[in-house]
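In case you want the letters, here they are:
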Amino acid sequence: MSTVTLKGNPVQVDGHFPASGEKAPAFSLVAKDLSDVSLATFAGKRKVLNIFPSVDTPTCATSVRRFNEKASQLDNAVVLCISADLPFAQARFCGAEGLDNVVTLSTLRGHEFLQNYGVAIASGPLAGLAARAVVVLDANDQVVHAEMVGEIANEPNYDAALKALG
């Protein structure tokens, strides 16, 4: 259990947030075509997990745009943008924005992801959604960078996440 803020107000976040050196927990989330996608789907690739509450908020939308821009420069890596948004909304947003360098995944049928990755907002107006975080995994699913953004309305440290890919 940890605490972050939303516009300065404390928000409780439940679950275990992975630390550098830990093995990433397995997951199954929903892709834009409504198929179930697991962490194993991306085996052998380096992964940036861009986790956020909803693509329908300005900061979340900005993070998807920024990682999409940076992802085109990555070698053997994939950016997974993970939120509670329905796959339809995620696809609509990326289509309207012309974003095709990121993979959107929904917690629609994967709520355990929130607890397993320590991003389950447990209090406040966003309860039930994911806190803003970035977790970077190497090709063997070891955590090489983990940032829980202290203020949900703030953007993550993009440079630190991308530098961790080495």
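Located above this text is the structure these notes cover.
What you are looking at is a predicted structure, and each value in this text was computed from that prediction instead of being measured. (Residues numbered from 1 in each chain as written. Predicted model: local features only at pLDDT ≥ 70, side-chain atom pairs only at ≥ 80, totals over all residues. Heavy atoms only, no water.)

*Asks:* Where do I start with a nonpolar patch on the surface in this structure?
*Replies:* Residues Leu34, Leu86, Phe88 and Leu108 make up a contiguous nonpolar surface patch of roughly 350 Å² in combined accessible area. Its location among the elements puts Leu86 in the loop between strand E6 (77–83) and helix H2 (87–97). (Patch = residues over 30% accessible without salt bridge, like charges linked within 9 Å, V, L, I, M, F, W, Y side chains within 5 Å. Areas by Shrake-Rupley, 256 points an atom, 1.4 Å probe, with all protein chains shown as cover. Salt bridge = Lys/Arg side-chain N within 4 Å of Asp/Glu carboxyl O. Helix = DSSP H or I, 4+ residues; strand = E, 2+ residues; numbered from the N terminus.)

*Asks:* How do you make sense of the pattern of salt bridges when you look at a structure like this?
*Replies:* When charged atoms on two side chains of opposite charge get close, those side chains can pair. Counted under the stated rule, the structure contains 4 salt bridges. With its nearest N and O atoms 2.9 Å apart, the salt bridge here joins Lys47 to Asp141. With Lys47 in strand E5 (residues 46–51) and Asp141 in the loop between strand E9 (133–137) and strand E10 (143–148), the pair connects residues that are 94 residues apart, well separated along the chain. As far as the burial class goes, Lys47 and Asp141 line up, both buried. Residue Arg66 is joined to Glu155 by a salt bridge in which the shortest nitrogen-to-oxygen separation is 3.9 Å. (Buried < 20%, exposed > 50% of the residue type's maximum accessible area, 1.4 Å probe, protein only.)

*Asks:* What is the right way to read the sheet that holds strand E2 (residues 9–14) from this model?
*Replies:* Reading across the sheet, the 3 strands line up as E1-E2-E8 and stay open at both edges, with antiparallel pairing between neighbours. This sheet does not close on itself; its edge strands, each paired only once, are strand E1 (2–6) and strand E8 (120–121). Here E2 pairs with E8 via 2 bridges, running antiparallel. Pairing of Val13 across the sheet is with Ile121, part of E8. (Pairing = 2+ DSSP bridges.)

*Asks:* Before we go on, may I ask you to explain the packing of aromatic side chains in this structure?
*Replies:* The description of an aromatic ring pair uses the distance of the two centres, along with the angle that the planes make with each other. Inspection of the entire model under this criterion finds 4 aromatic pairs. Considering the side-chain rings of Phe113 and Tyr117, the 4.4 Å spacing of their centres and the 20° angle between planes classify their relative orientation as stacked. One exposure class covers both Phe113 and Tyr117, and it is buried. Here the aromatic residues Phe27, Phe113 and Tyr117 are joined through ring pairs into a cluster of three or more. (Phe/Tyr/Trp six-rings, centres within 6.5 Å; stacked < 30°, edge-to-face > 60°.)

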